[in-house]
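Chain by chain, the residues run as shown.
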Amino acid sequence: MTIEIRKTLLQVETLLIEGGKAAATPLKLYAAIAVVRNPWAGKGFVDDLKPEIHAAAPVLGELLTRMIIDAVGSGEYVEAYGKAAVVGLDGELEHASALIHTLRFGNHYRSAVGAKSYLAFCNTRGPANAPVMIPLMDKKDEGRRSHYLTIQTSIGDAPAANEILVALGASVGGRPHHRIGDRYQDLKDLGNDATNPAAV
């Protein structure tokens, strides 16, 4: 089985002013998106998704990672990262999850940017022009709140009912005027441990 890619899209957003105040360093956000035919659409309930996952996920992981790195210039420059998928209305939410929740997809990106933290994610179902939300977090420090970001976009003709939209996101920089601290200060103030933040 070969994954059928209908189109790709690269989006670059540069945030210069936030809250009426100029950013000392503009925030740059990148989204790399592929729109693919859903390999399970029209087949009814499929018990074993692995054959299609193993065939498609590495191709998409490599393609989207390359798009991000080419746009940013180097994996070293990526500070926060994330992933998302939107399945069309003829598919299951599990189909969106299948293509991005596998190391065969995500490890391409992790390796390219030298990441230690998990890839923040969003998987949804929707029609063409559905919101695409790519949550981001610091690639090495999950508690660094300055890099809790979300890329918001959409594609007018995707996903079609029998398609899946798959995306990777990246930031170079954090929120321009971040001032809410990080979770480690909260833990210290509360006297809680990082491995059990709610002390349950």
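Scroll up a little and you will see the structure.
### Quick notes on the pattern of salt bridges
If you walk through the whole model with that rule in mind, you get five salt bridges. The partner of Asp138 in a salt bridge is Arg144, and the shortest N-O contact between them spans 2.7 Å. According to the relative accessible area criterion, Arg144 is partly exposed, its value standing at 34%.

### A closer look at the pairing of strand β7 (residues 163-172)
Two faces make up the sheet, and in a regular strand the side chains alternate between them. Most of β7 sits out of view: nine of its ten residues are buried. In the sheet, strand β2 (residues 21-37) pairs with β7 via ten bridges, with the strands oriented antiparallel. Bridge pairing in β7 places Arg37 opposite Glu163. Pairing of strand β3 (residues 80-87) with β7, which is carried by eight bridges, proceeds in the antiparallel orientation. Each residue of the ladder has a partner; that of Ala85, found in β7, is Val166.

### Describing the nonpolar core
In terms of nonpolar packing, the biggest core is built from 35 residues, with Ile68 and Tyr109 touching the most fellow members. Going through the elements one at a time, β2, α1 (50-72), β3, α2 (93-100), α3 (103-113) and β7 are the ones with two or more residues in this core. The leading source of residues in this core is α1, at ten residues. If near-sequence neighbours (up to four positions away) are discounted, Ile68 is found in contact with Tyr30, Ala31, Ala32, Val78, Tyr109, Leu168, Gly169 and Ala170.

### A look at the layout of surface pockets
Considered as a void within the structure, the largest pocket measures approximately 280 Å³ in volume. Considering each element in turn, the lining of the largest pocket owes the most residues, four residues, to strand β6 (residues 149-153). Across the lining of the largest pocket, the residue classes break down as seven nonpolar, five polar and five charged.

### A short note on unusual backbone geometry
Residue Pro159 is reached from Ala158 by a cis peptide bond, and omega for that bond is 0°. Relative to the helices and strands, Pro159 resides in the loop between β6 and β7. Positive phi values are uncommon outside glycine, yet Asn129 reaches one of about 70°. Here Asn129 shows up in the loop between β4 (120-125) and β5 (132-138).

### Focus on the packing of aromatic side chains
For any pair of aromatic rings, geometry is given as the distance between the ring centres together with the angle between the planes. Scanning the model with the defined rule gives one aromatic pair in all. For the ring pair Tyr81 and Tyr109, a centre distance of 5.4 Å and an interplane angle of 55° mean the geometry is tilted. Linking Tyr81 in strand β3 with Tyr109 in helix α3, this pair joins segments that are 28 residues apart in sequence.

### Examining helix α4 (residues 183-190)
In this structure Asp182 caps α4, since a side-chain oxygen of it lies 3.1 Å from the backbone nitrogen of Gln185. A positive backbone phi angle near 75° is found at Gly191, which sits one or two residues after α4.

### Some points on the side chain of Ser146
Positionally, Ser146 belongs in the loop between β5 and β6. Look at Ser146 and you get buried, because its relative accessible area is 8%. If near-sequence neighbours (up to four positions away) are discounted, Ser146 is found in contact with Gly174, Arg175 and His178.

What counts, and where the lines are drawn
- Residues numbered from 1 in each chain as written.
- Predicted model: local features only at pLDDT ≥ 70, side-chain atom pairs only at ≥ 80, totals over all residues.
- Heavy atoms only, no water.
- Salt bridge = Lys/Arg side-chain N within 4 Å of Asp/Glu carboxyl O.
- Buried < 20%, exposed > 50% of the residue type's maximum accessible area, 1.4 Å probe, protein only.
- Helix = DSSP H or I, 4+ residues; strand = E, 2+ residues; numbered from the N terminus.
- Pairing = 2+ DSSP bridges.
- Core = buried A, V, L, I, M, F, W, Y, C linked by side-chain atoms within 4.5 Å.
- Contact = heavy atoms within 4.5 Å.
- 1 Å grid on protein atoms, 1.4 Å probe; cavity = no way out; pocket = protein on both sides within 12 Å on 5 of 7 lines; lining within 4 Å.
- Points joined across faces, edges and corners; volume = space filled by probe spheres on them.
- Nonpolar A, V, L, I, M, F, W, Y, C, P; charged D, E, K, R; others polar.
- Phe/Tyr/Trp six-rings, centres within 6.5 Å; stacked < 30°, edge-to-face > 60°.
- Polar contact = N/O pair within 3.5 Å; in protein donor to acceptor, adjacent residues only side chain to side chain.

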